[in-house]
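Structural description and commentary
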Amino acid sequence: MLRTALFRLSQSGIICRTAAIDASRRHSTRLTVIERHLGKQGCVSIQHTRSMATTGDSKGKGAGEESPKQEVKFLGQEEAQKIDQELFNEYNYSVDQLMELAGLSCATAIAKTYPVSTLKNSDDPTVLICCGPGNNGGDGLVCARHLKLFGYFPSVYYPKRSEKQLFKNLTTQCELMDIPFLNHLPSPQLIDQAYSFVVDAIFGFSFKGELRPPFKEVIPTLKELSIPICSIDVPSGWHVENGDPNGLQPEMLISLTAPKKCAKLFKGKYHFLGGRFVPADLEKKYELSLPQYPGTDCILQLKH
């Protein structure tokens, strides 16, 4: 009906034909999103369905009958990089804009999973954020700032600082919010005693090759911890597609944009999807089949 109305408006000269076609296409995209089946509030299965929006179709499916299940797409390294570049170059997102949304998503998922009141030292909810030199580390700096606003007491270990102004700004923001930066990484025993959990924001999906100093020493230290580790997007040191069964084994993973292929090998307790910023047309182009975020939430928990 909308398409018919738009066509009539275009014929009468009220709107141009091009605008009518564009509006019709946008309407179809919105229907695609609306049709997605919502799972439980705040916890959506990785596999979800599309409900039939009409009373039936030419193949005889009735109202409410489900089409075949669609699985959320797990991205390889090359495809994840292409999506990022398209967000920057075609949709004109800035790096700091996406970093802010990603870091906020991570802090929100962490606060939902490890509320201050449940921590071993709820009166002194200290957490350690380990940041790398790239965008994953930037997500960690943003996450630290939001965790501070959420009532946690974060400390940051950031041994290889970027010289880019964006990262200098993020560092300054943390420092002016009285978030301490550590000069060296404590021993595993001291970390276990001093902190409630660790946020791993060292390497993301762009990581390749072998670990190099200073991170060659950091990952083994994190592997010895008994407190929970929360990894942002990809457990640091993992191959983005093949994972690393002998590497870091976090209790929590927060996938950003869409899960990466290595997430299929994640064996922790909590897997969240964050970064509610993917335009519908981009999701359709790359066939991401993202589940519907509940309400106004910027995160949702995935079930395997």
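Just above, that's the structure.
Keep in mind the model is a prediction, meaning the values are calculated, not measured. (Residues numbered from 1 in each chain as written. Predicted model: local features only at pLDDT ≥ 70, side-chain atom pairs only at ≥ 80, totals over all residues. Heavy atoms only, no water.)

Thoughts on the overall build of the protein
Each helix and strand counted, the protein has nine helices and 11 strands in total. A buried classification covers 47% of the 304 residues belonging to the protein. Considering only intrachain contacts with a sequence separation of at least 6, the fraction spanning at least 24 residues in the protein is 67%. Element-wise, carbon and sulfur atoms account for 50% of the exposed surface of the protein, whose accessible area totals about 15,500 Å². (Helix = DSSP H or I, 4+ residues; strand = E, 2+ residues; numbered from the N terminus. Buried < 20%, exposed > 50% of the residue type's maximum accessible area, 1.4 Å probe, protein only. Contact = heavy atoms within 4.5 Å. Areas by Shrake-Rupley, 256 points an atom, 1.4 Å probe, with all protein chains shown as cover.)

Side note on the packing of helix α5 (residues 135–149) against helix α6 (residues 165–176)
Each pair of packed helices can be described by the angle between their axes along with the distance between the axes. One way to put it is that α5 packs onto α6 with a least axis distance of 9 Å and a crossing angle of 25°. Accordingly, the angle class assigned to the pair α5 and α6 is roughly parallel. Considering how the two elements wind past one another, α5 and α6 form a crossing that is left-handed. Here α5 contributes Asn135, Gly138, Leu141, Val142, Ala144 and Arg145 to the contact with α6, which in turn contributes Phe167, Leu170, Thr171, Gln173 and Cys174. The class makeup of the residues in the contact of α5 with α6 is six nonpolar, four polar and one charged. (Axes fitted to C-alpha atoms, helices over the stretch in contact; angles between N-to-C directions. Parallel < 35°, antiparallel > 145°, perpendicular 65-115°, else oblique. Left-handed = near helix turned anticlockwise from the far one by under 90°. Nonpolar A, V, L, I, M, F, W, Y, C, P; charged D, E, K, R; others polar.)

Concerning the pattern of salt bridges
Scanning all chains against the criterion turns up seven salt bridges. We note a salt bridge from glutamate 78 to lysine 82, for which the minimum N-O separation is 3.5 Å. With glutamate 78 and lysine 82 both in helix α3 (residues 77–89) and four residues apart, this pair spans about one turn of that helix. Notably, a salt bridge pairs aspartate 233 with lysine 260, separated by 2.8 Å at the nearest N-O pair. Highlighted residues: aspartate 233 in the loop between β8 (229–232) and β9 (252–256) and lysine 260 in the loop between β9 and β10 (270–274), separated in sequence by 27 residues. (Salt bridge = Lys/Arg side-chain N within 4 Å of Asp/Glu carboxyl O.)

Digging into the packing of aromatic side chains
With the rule as written, the count across this model stands at four aromatic pairs. Summarising the aromatic geometry, the rings of tyrosine 114 and tyrosine 270 are spaced 6.0 Å apart at their centres and angled 80° between planes, so their arrangement reads as edge-to-face. With tyrosine 114 in the loop between α4 (95–113) and β4 (126–131) and tyrosine 270 in strand β10, the pair connects residues that are 156 residues apart, well separated along the chain. Looking at tyrosine 270, the relative accessible area reads 25%, which means it is partly exposed. (Phe/Tyr/Trp six-rings, centres within 6.5 Å; stacked < 30°, edge-to-face > 60°.)

Topic: the pairing of strand β5 (residues 153–157)
The buried count for β5 comes to four of five residues, which makes it a mostly enclosed element. As defined by bridge partners, β4 adjoins β5 across five bridges and the pair is classed as parallel. Note that in β5 the partner of leucine 128 across the bridge is serine 155. Viewed along the sheet, the connection from β4 through α5 into β5 turns out right-handed. (Pairing = 2+ DSSP bridges. Right-handed = clockwise from strand over helix to strand, strands pointing away.)

Thoughts on the packing of α4 against α5
Running from N to C, α4 and α5 cross one another at 55°; their axes reach a closest spacing of 7 Å. Classified by the angle between their axes, α4 and α5 sit oblique to one another. Taken as a pair, α4 and α5 cross one another with a handedness that is right-handed. Across from Val95, Met99, Glu100, Ala102, Gly103, Leu104, Cys106, Ala107 and Ile110 in α4, the residues of α5 making contact are Asn135, Gly138, Asp139, Val142, Cys143, Arg145, His146 and Leu147. Its residues assigned to classes, the contact of α4 with α5 shows 10 nonpolar, four polar and three charged.

Description of unusual backbone geometry
Cis geometry marks the peptide bond from proline 213 to proline 214, where omega comes out at 5°. Among the structural elements, proline 214 can be located in the loop between β7 (198–201) and α8 (215–223). Of note in the backbone geometry, aspartate 233 takes a positive phi value of approximately 70° without being a glycine. Positive phi outside glycine occurs at threonine 257, with the angle close to 70°. Its place among the elements puts threonine 257 in the loop between β9 and β10. Overall, threonine 257 belongs to the buried group, its relative accessible area being 9%.

Concerning α3
With 13 residues, α3 extends 18 Å between its outermost C-alpha atoms, agreeing within 8% with the 18 Å of an ideal straight helix rising 1.5 Å per residue. For α3, the complete set of buried residues consists of Gln77, Ala80, Ile83, Asp84, Glu86, Leu87 and Phe88. Packed against the buried residues of α3 are α4 and α9 (280–285). (Expected span 1.5 Å × (residues − 1).)

In short, shape yes, function no, at least from these values alone.
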